[in-house]
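Observations on chain architecture
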Amino acid sequence: MFKLNLKIILRSIWKNKISSFINVIGLAIGLAACLMLLIYVMYEWNFDKQSKDSANVHVVMTNVLDDKGKIFVTFNGSTTAFAPLIKREIPEVQYISRMDYGNMGLIANGINGFKKKSKFAESDILKMYDYHFISGDPKTALTDPRSVILTESTAKTLFGTTDVLNKTVKYQEKENLKITGVIQDLPENSSNRFDYLMPWSFYEIIDEGAKDLNWSNYSFITLVSLRPDANLDLVNKKIDELVKRNNKQISQPNFLFPLSKMHLYGKFEEGKSVGGDIEQIWLFTALAIGILLIACINFMNMATAKSEKRAKEVGIKKTIGANRRSLIVQFLAESMVLTLISVIIAIVLIESFIPVFNNLLNIEMSIPYFNSYIWLGLLSVVLLTGLIAGSYPAFYLSSFNPTQSLKRNVEGKGFFSFSLRKVLVIGQFCFTIILIISTLVIYKQIQFIKNKPVGFDVNALVEMPQDGQLIEKFELLKTRLLKSGAVTTMYQSSVNLSHHGSNFTGLEWQGMPQPENKVMFNRVGTTYDYISTNGIKLISGRDFNKKYASDSSAVMVSASAVKVMGLKKPVGEIIKMFDANFTIIGVFDDYIWDSPYQSNSPMVVYFNKVGTGAITMRLNASNNLQQNIETITSITKEINPSYPVEIKFMNSIYAEKLTKEKTLGILSNLFGGLAIFISCLGLFGLISYSAEQRTKEFGIRKVLGASVASLMQLLSLSFIKMILIATVLAAPIAYYIMIKWLDNFEFHTTIPWWIIVLSAVGTIAISLLTVSYKAYRTAKSNPINALKYE
Amino acid sequence: MIELKNIEKYYANKGVKSYILRHVTTSIKQGEFVSIMGPSGAGKSTLLNILGMLEEPTYGQYEFMGEDVVSLNERKRIELYRNHIGFVFQAYHLIDEMTVAENIEAPLLYKKVPGSERRSRIADMLDRFNMVAKSDLFPNQLSGGQQQLVGIARALVAQPSIILADEPTGNLQSAQALQIMELFKKLNEEEGITIVQVTHSEVNAAYGSRILHLLDGVIKEDVTVSQTV
Ligand SMILES: Nc1ncnc2c1ncn2[C@@H]1O[C@H](COP(=O)(O)OP(=O)(O)O)[C@@H](O)[C@H]1O
Ligand SMILES: [Mg+2]
């Protein structure tokens, strides 16, 4: 029975090629899109959850209070004194490790040097993370201060092999470290990634800040692993008391927050987690389900549309002795087989498109074939889709009385199914139009930010990190580069032109409204040629100049800084920071240096010879770009041979600021496109079916003298009406969602009426095209062909 | 074999009852060959469907082989139906996706007849109707007469005690119709299968042993045919 059924199912799938194709391809694309998104969601969801005990690992957070005692910022930094105290006093703490944030540091095998991500940590980190050691002993790997653990790919880059235990590498040109372990590469979705790991004890040797046990420098991360039975609230209460007792002057309370939640719930307001990237995860999950639903709707619509034919089949089978159960089983099996075929095609689709997807999103995902959840998920998708799609004929049609179904009396009863079909099509197109409108708005917002002037000319401007010899030999570099003609002007500064952080509050000026300043200012330390190189607009005063010896204590401030300080005549005023006085010699226009979506903090640029970190250069426009870069590279390499030369273009740095929104744009573009494709596929299926059904009617009408146009209208009008209704429903929903989205940005575009009209007209045009192709073919066909068969 | 008492069938439409069958009382004995005649809309198909348990009467008593059909539950009724009744339709009603052999096999599957027996019975049927060469064809590859033969083979394969045929020759040319009628007569006489057919043709009715004349849902005449053909 089963074998025969299967044979007949496959045969009827083959016979109804168009509708099977629409069902299978639509569902396969829908499934592929859905699974792809879900794999991405899983990737994000599994952030920092790979190690066995990840649930017990917490990161130490710090709340920063304002003068009224209100928490205004929460961040994951902590001090050096915190960890030893907690380890001693709180029994629930099982392991604890201080770490730095990680840096790009030079690591070399002989003269073979690479800049790779370094990390310093205490040896407990090896107990919190179950790194897979290819060689070396995790118990002793971080014991000796001058030891280092390499990841597999770092070892391969440096030595060409992972068989490197006890060999020596040179760190930052100075220190020789013995390799005590090689571990498998860390997963991409981990917050504490590194290419090589060094002991904290070594950090204490080379860094004053790490060695000094204090409660004031929050430049470190502390990971704490609690015993599995520990109560987090209780531990946090103990920490609060302990810290307050030991740290009288400062009132920033610390608390533990699960590391596995940092990535998705890392947005804090008043010391409480209020979400974060998890919102994006929900968005993508909704998108995934939406796309799958659209495909399922096609499936269901085709099934209901064919119900008349199926009803006859039900009637026949019942008259030869079928009972209801056997019919239900048959219909469900049929839709399951179709779903199964779709799943197989979907997996093929994912396999072929996942590299593109990874490229787009700049991540590293793959189908986790060995994850049982994926298979369970797939199985439930097959069962659920098959059930939903097959349920209409299975449960509704099978209940008919055989003589009714044979007399084709279903149409009267089919009223419900027909209006349900309408509702489903409207829902489908509603979702599609919302996606299209969103895509257009996101695109417009990106365009808006892109076209917003950043405040200086980003073209022909490049920067590179000030590493190694470039700090001491900056003047030599500058002389040589200027002489070479590749660069017209350049400067060094404490941070890059575009940077994040470097904020402070300790600023004083004449006529402050309050004794203590609470406004965050941003600071940049630099020497000569700052303005002349980057081309930021000077509003009044001048740039630092060698002619004035007094410029060693001079400062330039941004226009918004002048506004915050309320200075009438800023040039010549004296401000105080870090217990030193600076004279304002210039005021420059605000430019975008952090987020392009909101106004950045007021800025002070002060003269500071030791403010090193980044070198910014304006290229000579009269030379060939490639030539300029080659010249800079060779001169820099000559002066600073151990480090690779990393020149970055300012325009790409600024373009990168839009990455996240661009990704969103790409995704909504892609899935919006897929949604409209699948919806139109479904529409095509419905109209083909309806055309097939009405072939005879059309034939008669034509014989009676109906025109092709009137027949087309007859066939497509009801479909077009549905799309119109969908547009009317979708527009306000999309408008509301996108207004909320735009509200996230201080600088945002508007939603003009034409976006709504464009999406509506576009959708209607595409669906009209879909519908009229079939309608035209049907209307044009020879009436005799239609009437020949009874 | 069949006892009908006071069968009524009506459809209520906006409170108005439109009667299709009224006070139908009759009995059909094992081995009879009955033809139901009457103008279009008289209720012939409805009566046949009620006999075949495809429809339920609004009122009245129906006994089939001693069982009260009206009070039987769904499962028992299907059981009774599968074992004793074979239906033949004017529009053949074959399943388009199935081959000739598969169409004939279908009722046996529902009856859960074991595979080896199924094969021998199908072979039997194909043989008997001279369709061995056509067993792998699909219904739309056959002529109307051939399709109706498949329809009859399908009704016969489950070895029913009664065949109900609703205008079985209505779509056929007279030569093919003749063949079908001869077949019915042979089945009736040689195998003792009870046959009830609806027909418009006096010629066809003459093959039977008895004619029920139906007019506006009422049996007007019940005549025995003198075997002159
Ligand atoms: N579901 C129904 N609702 C209302 N009237 C019906 C229904 N089914 C059949 N009829 C009516 O019952 C009458 C008898 O039908 P039928 O038994 O098919 O007649 P016959 O087979 O003798 O031509 C017809 O007039 C038909 O219109
Ligand atoms: Mg009839």
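Basis of the calculations
Residues numbered from 1 in each chain as written. Chains lettered and ligands numbered in written order. Predicted model: local features only at pLDDT ≥ 70, side-chain atom pairs only at ≥ 80, totals over all residues. Heavy atoms only, no water. Helix = DSSP H or I, 4+ residues; strand = E, 2+ residues; numbered from the N terminus. Areas by Shrake-Rupley, 256 points an atom, 1.4 Å probe, with all protein chains shown as cover. Lys, Arg positive; Asp, Glu negative; His and termini not counted. Charge placed at Lys NZ, Arg CZ, Asp CG, Glu CD. Pairing = 2+ DSSP bridges. Axes fitted to C-alpha atoms, helices over the stretch in contact; angles between N-to-C directions. Contact = heavy atoms within 4.5 Å. Salt bridge = Lys/Arg side-chain N within 4 Å of Asp/Glu carboxyl O. Phe/Tyr/Trp six-rings, centres within 6.5 Å; stacked < 30°, edge-to-face > 60°. Buried < 20%, exposed > 50% of the residue type's maximum accessible area, 1.4 Å probe, protein only. Lys NZ or Arg CZ within 6 Å of the ring centre and 35° of its normal. Buried area = accessible area lost by both parts, 1.4 Å probe. Polar contact = N/O pair within 3.5 Å; in protein donor to acceptor, adjacent residues only side chain to side chain. Nonpolar A, V, L, I, M, F, W, Y, C, P; charged D, E, K, R; others polar. pLDDT = per-residue confidence, 0-100. Core = buried A, V, L, I, M, F, W, Y, C linked by side-chain atoms within 4.5 Å. Disulfide = S-S within 2.5 Å. Near = heavy atom within 4 Å.

1. Focus: the overall build of chain A
Counting its secondary structure elements, chain A contains 27 helices and 26 strands. On the principal axes, the C-alpha backbone points of chain A span a range of 105 × 60 × 55 Å. Surface summary for chain A: the accessible area is close to 37,100 Å², and the carbon and sulfur share equals 59%. The averaged location of the 63 negative side-chain charges in chain A is 13 Å from the averaged location of its 82 positive side-chain charges.

2. Structural notes on the sheet that holds strand β3 (residues 33-37) of chain B
Residue and element names in this part refer to chain B. Read across the sheet, six strands follow the order β6-β7-β8-β3-β9-β10 without closing on themselves; strand pairing throughout is mixed. This sheet does not close on itself; its edge strands, each paired only once, are β6 (85-88) and β10 (218-224). Strand-to-strand twist across the sheet, computed as the mean angle between neighbouring axes with direction ignored, equals 15°. Its contacts with the sheet place helix α1 (residues 44-51) against β3, β6, β7 (162-166), β8 (194-198) and β9 (210-215), and it is angled at close to 155° to β7. The strands touched by helix α6 (residues 174-190) within the sheet are β3, β7 and β8, with β8 carrying the most contacts at an inclination of about 150°.

3. A word on the pattern of salt bridges
Tallied over the entire structure, the rule returns 26 salt bridges over all chains. Taken together, the salt bridges that share partners define one network made up of Lys87(A), Asp124(A) and Lys127(A).

4. A short note on the packing of aromatic side chains
Residue and element names in this part refer to chain A. Scanning all chains against the criterion turns up 28 aromatic pairs over all chains. Taking 5.6 Å as the distance between ring centres and 75° as the angle between the ring planes, the aromatic pair formed by Trp200 and Phe220 counts as edge-to-face. A residue pair is termed long-range when its members are at least 10 positions apart, and Trp200 in helix α6 (residues 200-206) and Phe220 in the loop between α7 (208-211) and β11 (221-226) qualify at 20 residues. Residue Trp200 is classed as buried on the basis of its relative accessible area of 3%. A residue is classified by how much of its surface remains accessible, and Phe220, at 3% relative accessible area, is buried. Through a chain of ring-to-ring contacts, three or more aromatic side chains come together here, namely Phe120, Tyr171, Tyr196, Trp200, Phe202, Tyr203 and Phe220. Positioned over the ring face of Trp45 is Lys49, at 4.1 Å from the centre of the ring. Its end group placed over the ring of Tyr548, Arg542 keeps NZ or CZ at 3.9 Å from the ring centre.

5. With respect to the interface of chain B and chain A
Quoted interface sizes are often the accessible area lost when the parts come together. If you look at the interface, chain B gives 22 residues, while chain A gives 22 residues. Carbon and sulfur atoms supply 63% of the area buried between chain B and chain A, which totals about 2,200 Å² over both sides. When the area that chain B buries against chain A is broken down by residue, the three leading residues are His93(B), Glu97(B) and Tyr110(B), summing to 31%. Scanning the region where chain B abuts chain A turns up one salt bridge. The closest approach of N and O atoms between Arg11(A) and Glu102(B), which form a salt bridge, is 2.5 Å. Counting the contacts that link chain B with chain A gives three residue pairs in polar contact (both at pLDDT 80 or more). Sorting the residues of the side of chain B that touches chain A by element identifies α2 (74-84) and α3 (100-110) of chain B as the ones contributing at least two each. Classifying every residue of the side of chain B that touches chain A by side-chain character gives 12 nonpolar, three polar and seven charged.

6. A look at the confidence of the model for chain B
All names here are of chain B. Put simply, chain B has an average pLDDT of 90, and 99% of its residues get 70 or more. When the elements of chain B are averaged for pLDDT, α2 gives the smallest value, 86, and β8 the largest, 96. Predicted complex, confidence summary: ipTM 0.81, pTM 0.73.

7. Concerning the nonpolar core
In this structure, Phe284(A), Ile350(A), Phe357(A), Met365(A) and Phe671(A) are the most contacted members of the largest nonpolar core, which totals 94 residues. When neighbours within four sequence positions are excluded, Ile350(A) is seen to be in contact with Ala32(A), Leu35(A), Met36(A), Ile39(A) and Ile367(A). Listed in part, the 51 residues of the second largest apolar core include Leu48(B), Leu54(B), Ile95(B) and Ile162(B).

8. Focus on the environment of Phe331(A)
All names here are of chain A. Residue placement: Phe331 occurs in helix α12 (residues 324-361). For Phe331, a relative accessible area of 3% gives the class buried. Separated by 67 residues in sequence, Phe331 and Ser398 place their C-alpha atoms 9.1 Å apart.

9. A look at the sheet that holds strand β5 (residues 67-68) of chain B
Residues and elements named next belong to chain B. The antiparallel open sheet is built from four strands, whose spatial order is β2-β1-β4-β5. Across the chains shown, the open sheet's two edge strands, defined by having one partner strand only, are β2 (16-28) and β5. Note: strand β1 (residues 2-13) against β2, nine bridges, orientation antiparallel. Of the residues in β2, the one forming a bridge with Lys9 is Leu21.

10. Some thoughts on the confidence of the model for chain A
Residue and element names in this part refer to chain A. When pLDDT is averaged along chain A, the result is 83; 95% of the residues meet or exceed 70. The spread of mean pLDDT over the elements of chain A runs between helix α15 (residues 410-413), the lowest at 45, and strand β10 (residues 196-199), the highest at 95. Taken as a whole, residues 409-416 scores under 50 in pLDDT and shows 10 contacts with residues more than four places along the chain or in a different chain.

11. Examining the pairing of strand β25 (residues 614-619) of chain A
Residue and element names in this part refer to chain A. Most of β25 is tucked away: six of the six residues are buried. Of the two faces of β25, both are covered, the one formed by Ala614, Thr616 and Arg618 as well as the one formed by Ile615, Met617 and Leu619. Where strand β16 (residues 487-493) meets β25, six bridges bridge the pair, whose relative direction is antiparallel. Pairing of Gln492 across the sheet is with Ile615, part of β25.

12. Side note on the side chain of Thr169(B)
All names here are of chain B. Relative to the helices and strands, Thr169 is located in the loop between β7 and α6. A relative accessible area of 10% means that Thr169 is categorised as buried. With near-sequence residues (within four places) excluded, Thr169 lies in contact with Ala177, Ile180, Met181 and Asn204.

13. Remarks on the state of the cysteines
Residue and element names in this part refer to chain A. Under the counting rule described, the total for this entry stands at zero disulfides over all chains. Not part of a disulfide, Cys296 finds its nearest cysteine sulfur in Cys34, a span of 8.9 Å. For Cys296, a relative accessible area of 8% corresponds to the buried category. Note on Cys680: no disulfide assigned, nearest cysteine sulfur contributed by Cys430 at a separation of 15 Å. For Cys680, a relative accessible area of 8% translates into the label buried.

14. Topic: the site of ligand 1
In the vicinity of ligand 1 there are 11 residues, among which Gly41(B), Gly43(B), Lys44(B), Ser45(B) and Thr46(B) approach most closely. At ligand 1, the nearby residues belong to more than one chain, namely chains A and B. A distance of 2.7 Å separates an oxygen atom of ligand 1 from a polar backbone atom of Gly41(B). Burial of ligand 1 by the protein chains amounts to 63% of its free accessible area of 570 Å². Top element by residues in the shell around ligand 1 is α1(B). It accounts for three residues.

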